[in-house]
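Spelled out from the first residue to the last, the chains are:
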Amino acid sequence: MAKAKTVHVCSECGGQSPRWQGQCPHCKAWNTLTETVLEQGQGGAASSKRFTALAGNTATLTPLSALEPREAPRLPTGLEEFDRVLGGGLVPGAVVLIGGDPGIGKSTLLLQALSALSHRVAAIYVTGEESGEQVALRARRLQIEAAPLMLLAEINMERILATLGEHKPRLAVIDSIQTVYSEALQSAPGSVAQVRECAAQLTRFAKQSGVSLIMVGHVTKDGTLAGPRVLEHIVDTVLYFEGDTHSSFRLIRAFKNRFGAVNELGVFAMTDKGLRGVSNPSAIFLTRHDQQVSGSCVLITQEGTRPLLVEIQALVDSAHSPNPRRLSVGLEQNRLAMLLAVLHKHAGVVCFDQDVFVNAVGGVRISEPAADLAVLLSIVSSLRNKPLPRELAVFGEVGLAGEIRPAPRGQERLREAAKLGFNTAIIPRANAPRQPVEGLQLIPVDRVEEAIEAARNLQLG
Ligand code: TYD
Ligand code: MG
């Protein structure tokens, strides 16, 4: 028998190299290549068999119109906020990956969802991180121990697949993918090769059997799923848990969803009885200051299908080092540098000798560019030490030419702001609605200078 072939796999990007190198030739990361055994069939001629089952009769060419799509009935989990991010429930044979920091509530959420479901359909919870007793203890605290949920404390991939194949549940949870290992590979559980192989095998099983799978994945410090990013390509849906562990609110965001909208947001509150859905979250990221404070501006952001009002805070203070600090929490760092440059160039506001810190309150992560205007106005407010009116809410993207660009779903944002008692809004001119929004004075602006001027007039008035 030929000597077992090995390849070197990058733990960052999952790219393969035939030799060991200090730097990954694919993603240029250093010291990320680890040797793994290229198992029989991976890449070889014998391999083609392993994949035929999934692909089915690939040899026949079929016109798209001749295929009769079966609208698979979705299985609602019973947790409304979770269903919302899933796009209405679980699809048979779909594979969902849930990532998030340790201790943020992944196991809690899945145990709650699964036990609620197990009253209606067969469900199996595979735990590799905790023992059966520990899960039972948690279930008792969540007061769900009476659920007919089946538990499997196992980390051997082949045995997990055998059990799932035998019992054919409607839904199974693998907690977590980093703890399972396949006998086909020599490397340790959690290594790139193992995680990838196990995820691929589980996915193949789900597609063939119609069992819906939810896999838990750990996240590294820089926020990516530990090990190979390839996991995100394999699965149908990628959900990330986010939120500040110090606050009780937890957000689940869909990053990829073959069966629903992305960037949909589910909001939960962690209580002593587990996670509770927050059905009307638009105001939870607002701090109502008793007095007017400078450097605070309320942003109307849109997450998936619903608007959220989030307080953006800025602190601008004279720098004591030649390199002033620019720090952003919950907002994009590069975008902050860009906004400061726009502020200087187009509005003549100078910050190069100032430290600038910005923060999205409540641990929410905002990636949409419509946050720009709020960041900008809060920076100007802090710099001049002039508070913005408390009933002001803004949104709008800032372009490099100093223009204020429109954001999608302007109407909905404005209606939400009006509902929460805001009475003034500075918005991109292109977002100005034809009919007035009741209770809301709208100030449409085209340029950064105009927006700053409008805010100043409000401060004076
Ligand atoms: P866990 O769900 O185990 O997180 P993960 O699986 O993502 O690592 O942890 C949830 C955290 O929430 C843990 O720190 C304890 C806390 N918690 C509550 O506050 N209330 C509860 O009812 C439960 C079960 C956990
Ligand atoms: Mg866990």
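Residues numbered from 1 in each chain as written. Chains lettered and ligands numbered in written order. Predicted model: local features only at pLDDT ≥ 70, side-chain atom pairs only at ≥ 80, totals over all residues. Heavy atoms only, no water.

**Student:** Can you walk me through the sheet that holds strand β17 (residues 392–394) in this structure?
**Tutor:** As a general point, the strands of a sheet are linked pairwise by backbone hydrogen bonds and lie either parallel or antiparallel. One open sheet accounts for seven strands, arranged β15-β16-β14-β13-β17-β20-β21; its pairing is mixed. Looking at which strands have only one partner, the edges of the open sheet turn out to be β15 (326–329) and β21 (441–445). Along the sheet, successive strands turn relative to each other by an average axial angle of 25°, direction set aside. Here two bridges tie strand β13 (residues 296–303) to β17, and the two strands are oriented parallel to one another. Note that in β17 the partner of L299 across the bridge is V394. Relative to strand β14 (residues 306–318), helix α9 (residues 372–384) is tilted by about 35°, and along the sheet it contacts β13, β14, β16 (354–360), β17 and β20 (424–428). (Pairing = 2+ DSSP bridges. Helix = DSSP H or I, 4+ residues; strand = E, 2+ residues; numbered from the N terminus. Axes fitted to C-alpha atoms, helices over the stretch in contact; angles between N-to-C directions. Contact = heavy atoms within 4.5 Å.)

**Student:** I would appreciate a short explanation of empty space enclosed by the protein in the present structure.
**Tutor:** A probe matching the size of a water molecule, rolled over the atoms, marks out where space remains unfilled. Applying the stated rule across the entire model yields four cavities of 30 Å³ or more. Of the volumes computed, that of the largest cavity is approximately 170 Å³. Lining the largest cavity are 15 residues, with T287, H289, S296, V298 and R390 positioned closest to its centre. For the lining of the largest cavity, the element with the most residues is β13, which contributes three residues. Looking at the lining of the largest cavity, its residues break down into eight nonpolar, five polar and two charged. Space inside the second largest cavity adds up to approximately 100 Å³. At the level of secondary structure, the elements contributing two or more residues to the lining of the second largest cavity comprise α8 (333–347) and α9. (1 Å grid on protein atoms, 1.4 Å probe; cavity = no way out; pocket = protein on both sides within 12 Å on 5 of 7 lines; lining within 4 Å. Points joined across faces, edges and corners; volume = space filled by probe spheres on them. Nonpolar A, V, L, I, M, F, W, Y, C, P; charged D, E, K, R; others polar.)

**Student:** Help me understand the layout of surface pockets, please; the structure alone is not making it clear to me.
**Tutor:** Of the pockets and cavities examined, the second largest pocket occupies roughly 410 Å³. Considering the residues around the second largest pocket, the lining is formed by E68, P69, R70, A72, V91, P92, G93, A94, K207, G210 and F259. The class makeup of the residues in the lining of the second largest pocket is six nonpolar, two polar and three charged.

**Student:** Mind showing me how you'd approach the pairing of strand β9 (residues 237–242) here?
**Tutor:** Within a regular strand, side chains alternate between the sheet's two faces. The buried fraction of β9 amounts to six of the six residues, a majority that puts the element mostly inside the structure. The side-chain alternation of β9 yields two buried faces, one formed by T237, L239 and F241 and the other by V238, Y240 and E242. As paired strands, strand β4 (residues 95–100) and β9 are joined by four bridges and run parallel to one another. Paired with G99 across the strands is Y240, a residue of β9. With six bridges connecting them, β9 and strand β10 (residues 249–257) associate as antiparallel partners. Looking at β10, one finds that F241 is bridged to I252. (Buried < 20%, exposed > 50% of the residue type's maximum accessible area, 1.4 Å probe, protein only.)

**Student:** Which parts of the structure should I look at to understand the pattern of salt bridges?
**Tutor:** A side chain with one charge can pair with a side chain of the opposite charge if their charged atoms come near. Counted by the stated rule, this structure contains 20 salt bridges. Salt-bridge contacts for R405 lead to E397; the nearest nitrogen and oxygen are separated by 2.7 Å. Here E412 makes a salt bridge to R409, at a shortest N to O gap of 3.3 Å. Judged by relative accessible area, E412 falls into the partly exposed class, the value being 28%. (Salt bridge = Lys/Arg side-chain N within 4 Å of Asp/Glu carboxyl O.)

**Student:** Please explain helix α3 (residues 106–117) as it appears in this structure.
**Tutor:** Because an α-helix packs 3.6 residues into every turn, residues spaced three or four apart end up facing the same way. Helix length check: α3, at 12 residues, gives a terminal C-alpha distance of 16 Å against a target of 16 Å (1.5 Å per residue), a fit within 8%. Burial analysis of α3 places 11 of its 12 residues in the buried class, the great majority of the element. If you check which residues of α3 are buried, you get K106, S107, T108, L109, L110, L111, Q112, A113, L114, S115 and L117. (Expected span 1.5 Å × (residues − 1).)

**Student:** How should I be thinking about the pairing of strand β6 (residues 150–153) in this particular structure?
**Tutor:** Bridging between strand β5 (residues 123–127) and β6 involves four bridges; their strand directions are parallel. Of the residues in β6, the one forming a bridge with V126 is L152. Handedness of the crossover joining β5 and β6 through helix α4 (residues 132–141) is recorded here as right-handed. (Right-handed = clockwise from strand over helix to strand, strands pointing away.)

**Student:** Would you mind showing me how to read the site of ligand 1 here?
**Tutor:** If you check the shell around ligand 1, you find 16 residues, and the closest are G103, K106, S107, T108 and T271. Within the contact set of ligand 1, an oxygen atom lies 2.5 Å away from a side-chain nitrogen or oxygen of T108. Between ligand 1 and G274, the relevant distance is 2.8 Å, taken from an oxygen atom to a main-chain nitrogen or oxygen of the residue. Here ligand 1, which alone exposes 560 Å², has 75% of that area covered by the protein. With three residues, α3 is the single largest residue contributor to the shell around ligand 1. (Near = heavy atom within 4 Å. Polar contact = N/O pair within 3.5 Å; in protein donor to acceptor, adjacent residues only side chain to side chain. Areas by Shrake-Rupley, 256 points an atom, 1.4 Å probe, with all protein chains shown as cover.)

**Student:** Can you help me understand the environment of I104 in this one?
**Tutor:** Along the polypeptide, I104 turns up in the loop between β4 and α3. Judged by its relative accessible area of 0%, I104 is buried. Between the C-alpha atoms of I104 and F241, which are 137 residues apart in sequence, the distance is 7.2 Å. When sequence neighbours within four positions are dropped, the list of residues in contact with I104 reads F241, E242, G243, R250 and M270.

**Student:** In this structure, what is going on with the side chain of T237? I would like to understand it.
**Tutor:** Secondary-structure assignment places T237 in strand β9. Owing to a relative accessible area of 2%, T237 belongs among the buried residues under this scheme. In terms of polar contacts, T237 uses its side chain to reach the side chain of N257, at 3.0 Å. Residue contacts for T237: discarding those within four places in its chain leaves V95, V96, L97, K256, N257, R258 and F259.

**Student:** Can you help me understand the packing of α8 against α9 in this one?
**Tutor:** Axes are the key here: two packed helices are described by the angle between their axes and the distance separating the axes. Axis separation between α8 and α9 bottoms out at 10 Å; the angle between their running directions is 60°. Classified by the interaxial angle, the pair formed by α8 and α9 is oblique. Along this stretch, α8 crosses α9, giving a crossing that reads as right-handed. Across from R335, L336, L339, L340 and L343 in α8, the residues of α9 making contact are D372, V375, L376, I379 and V380. (Parallel < 35°, antiparallel > 145°, perpendicular 65-115°, else oblique. Left-handed = near helix turned anticlockwise from the far one by under 90°.)

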